[in-house]
Amino acid sequence: MKLSIIILNFNSQDFTDKCLKSLAKFPLKSEYEILIIDNASKNNELEKIRQKWENKEHKNIKFIHSPKNLGYGQGNELAIKQAKGEYVAVINPDIEVNKNTLDGLLDFLDKNPKVGLVGPRLYYKNGSTQDSFRRFPVPIDLLIKRVNFLRKRFQGRMAKFLMWDVDFKKPIPVDWVVGAFFVMRKKAWEEVGGFDPRYFLFFEDTDICRTMWKKGWEVYYNPLYTAIHNHERLSETSGLLDIFCKKTVRTHIASGFKYFFKWGLGKKRS
């Protein structure tokens, strides 16, 4: 088995359907499997997805139910442990792949054995490019990124953090890529110990990429292969009051504390 595709569903059936349709529209050349893991969604969503997709366009598809919401990292982890592929693609349900996206990323990994994880270029529905790769943060970077008026006030610092100062028209090594869509070697995932269970939501992607670098694996961004991200920023804030009003913002802050307690305040890859 060349590739295992992991899609974590949580009250996102419509997005999961679109993701599966895009995978069916642009079938892989390599042998693959799809594992749909449901994080205790409401309204029996997993069964509805099963009825629609089992034994249809995707012949090798498996459905996994979690009796409780395990969060991003541990939800994906539950499926990855059952994955048979040499490579694993972690794909959010709000992703739609384009032609040759997965085949191209697999070819890139085949030709670059030191790369443990690679992310494609992500586009929003309006055609703009998502800032899907970054330098490792320090706390002030996260505060500026999350609050609109600070982002406007410190544009230079944001440009540095989001790597606007580099040529990203070709594959480049980066500190980390966002967890909406990436492909990794199963061997590398096993060596780094998978996702850190201390995070429920947010920072799992930053953490696993940092661990990849620490263990000697490279992390790359490859803009030659693309996908559409139907994205809603859960941790976005318009002002400081959102810190107190939005649960997802508070969760993001809590995960940030865990990340900096683990790694310290430095930006170095290892």
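For the structure itself, look to the data block above.
Residues numbered from 1 in each chain as written. Predicted model: local features only at pLDDT ≥ 70, side-chain atom pairs only at ≥ 80, totals over all residues. Heavy atoms only, no water.

### Regarding the overall build of the protein chain
Within the protein chain, the regular secondary structure consists of 11 helices and 11 strands. For a compact globule of 270 residues, the expected C-alpha radius of gyration is about 18 Å, and the protein chain comes in at 18 Å, within 12% of that figure. The principal-axis extent of the C-alpha atoms belonging to the protein chain is close to 55 × 45 × 35 Å. Pairs at least 24 apart in sequence give 81% of the contacts found in the protein chain among residues at least 6 apart. In the protein chain, 47 positive and 31 negative side-chain charges are present, and the distance between their average locations comes to 4 Å. (Helix = DSSP H or I, 4+ residues; strand = E, 2+ residues; numbered from the N terminus. Rg over C-alpha atoms; globule rule 2.2 N^0.38 Å. Contact = heavy atoms within 4.5 Å. Lys, Arg positive; Asp, Glu negative; His and termini not counted. Charge placed at Lys NZ, Arg CZ, Asp CG, Glu CD.)

### Details of the packing of helix α1 (residues 13-25) against helix α2 (residues 45-53)
Here α1 crosses α2 at 30 degrees, and the two axes come no closer than 10 Å. By the angle class used here, α1 and α2 are roughly parallel. Relative to α2, the crossing made by α1 is right-handed. Across the interface between the two elements, Gln13, Thr16, Asp17, Leu20 and Lys21 from α1 touch Glu45, Lys48, Ile49, Lys52 and Trp53 from α2. The residue inventory of the contact of α1 with α2, partitioned by class, reads 3 nonpolar, 2 polar and 5 charged. (Axes fitted to C-alpha atoms, helices over the stretch in contact; angles between N-to-C directions. Parallel < 35°, antiparallel > 145°, perpendicular 65-115°, else oblique. Left-handed = near helix turned anticlockwise from the far one by under 90°. Nonpolar A, V, L, I, M, F, W, Y, C, P; charged D, E, K, R; others polar.)

### Points about the pattern of salt bridges
All chains considered together, the criterion is met by 12 salt bridges. Lys160 serves as the salt-bridge partner of Asp165, at 3.7 Å between the closest nitrogen and oxygen. Under the relative-accessibility criterion, Lys160 is labelled partly exposed at 45%. A salt bridge links Asp196 to Arg198; the shortest N-O distance between them is 2.8 Å. Residue classification places Asp196 among the buried residues on the basis of a relative accessible area of 11%. Look at Arg198 and you get partly exposed, because its relative accessible area is 38%. (Salt bridge = Lys/Arg side-chain N within 4 Å of Asp/Glu carboxyl O. Buried < 20%, exposed > 50% of the residue type's maximum accessible area, 1.4 Å probe, protein only.)

### Some thoughts on α2
Within the span of α2, buried status applies to Glu45, Leu46, Ile49 and Trp53. Projected down its long axis, α2 carries its buried residues within an arc of 100 degrees, all on one side. Taken together, the buried residues of α2 touch β1 (3-9), α1, β2 (32-39) and β3 (61-66). The first or second residue beyond α2 is Asn55, which carries a positive phi of 60 degrees. (Arc of directions from axis to C-beta.)

### Notes on the side chain of Asp17
Among the secondary structure elements, Asp17 is positioned in helix α1. For Asp17, a relative accessible area of 6% puts it in the buried group.

### Some points on the packing of aromatic side chains
Taken as a whole and judged by the stated rule, the model has 6 aromatic pairs. Where Phe133 meets Tyr221, the ring centres are 4.1 Å apart and the plane angle is 35 degrees; that geometry is what we call tilted. Separated by 88 residues along the polypeptide, Phe133 in strand β7 (residues 133-134) and Tyr221 in strand β11 (residues 218-229) bring together distant segments of the chain. When sorted by exposure, Phe133 lands in the same class as Tyr221, which is buried. Each member of the aromatic cluster is reached from another via a ring pair, and the members are Phe133, Phe168 and Tyr221. Over the face of the ring belonging to Phe136 we find Arg210, whose NZ or CZ atom lies 4.7 Å from the ring centre. (Phe/Tyr/Trp six-rings, centres within 6.5 Å; stacked < 30°, edge-to-face > 60°. Lys NZ or Arg CZ within 6 Å of the ring centre and 35° of its normal.)

### Here we look at the environment of Trp176
Structurally, Trp176 is set in strand β9 (residues 176-177). Each C-alpha atom, one on Trp176 and one on Met212, is 9.5 Å from the other, the two residues being 36 residues apart in sequence. Setting aside its immediate chain neighbours within four residues, Trp176 contacts Ser132, Phe133, Arg134, Arg135, Phe136, Pro137, Phe161, Asp205, Thr206, Cys209 and Val219.

### As for the nonpolar core
One finds Leu3, Ile5, Phe181 and Val183 to be the most contacted residues of the largest nonpolar core, which totals 79 residues. Sequence-distant contacts of Val183, that is, excluding residues within four places in its chain, are made with Leu3, Tyr87, Val88, Ala89, Leu102, Leu105, Leu106, Leu109, Gly116, Leu117 and Val118. (Core = buried A, V, L, I, M, F, W, Y, C linked by side-chain atoms within 4.5 Å.)

### Looking at α1
With 13 residues, α1 should reach 18 Å at 1.5 Å per residue; the first-to-last C-alpha distance of 18 Å fits that figure. Within the sequence span of α1, burial applies to Gln13, Thr16, Asp17, Cys19, Leu20, Ser22 and Leu23. (Expected span 1.5 Å × (residues − 1).)

### Quick word on empty space enclosed by the protein
A full pass over the atoms with the stated rule returns 1 cavity of 30 Å³ or more. Within this model, the largest cavity holds a volume of roughly 50 Å³. Ranked by residue count, the leading element in the lining of the largest cavity is helix α4 (residues 101-111), at 3 residues. Taken together, the residues that form the lining of the largest cavity break down as 6 nonpolar, 3 polar and 1 charged. (1 Å grid on protein atoms, 1.4 Å probe; cavity = no way out; pocket = protein on both sides within 12 Å on 5 of 7 lines; lining within 4 Å. Points joined across faces, edges and corners; volume = space filled by probe spheres on them.)

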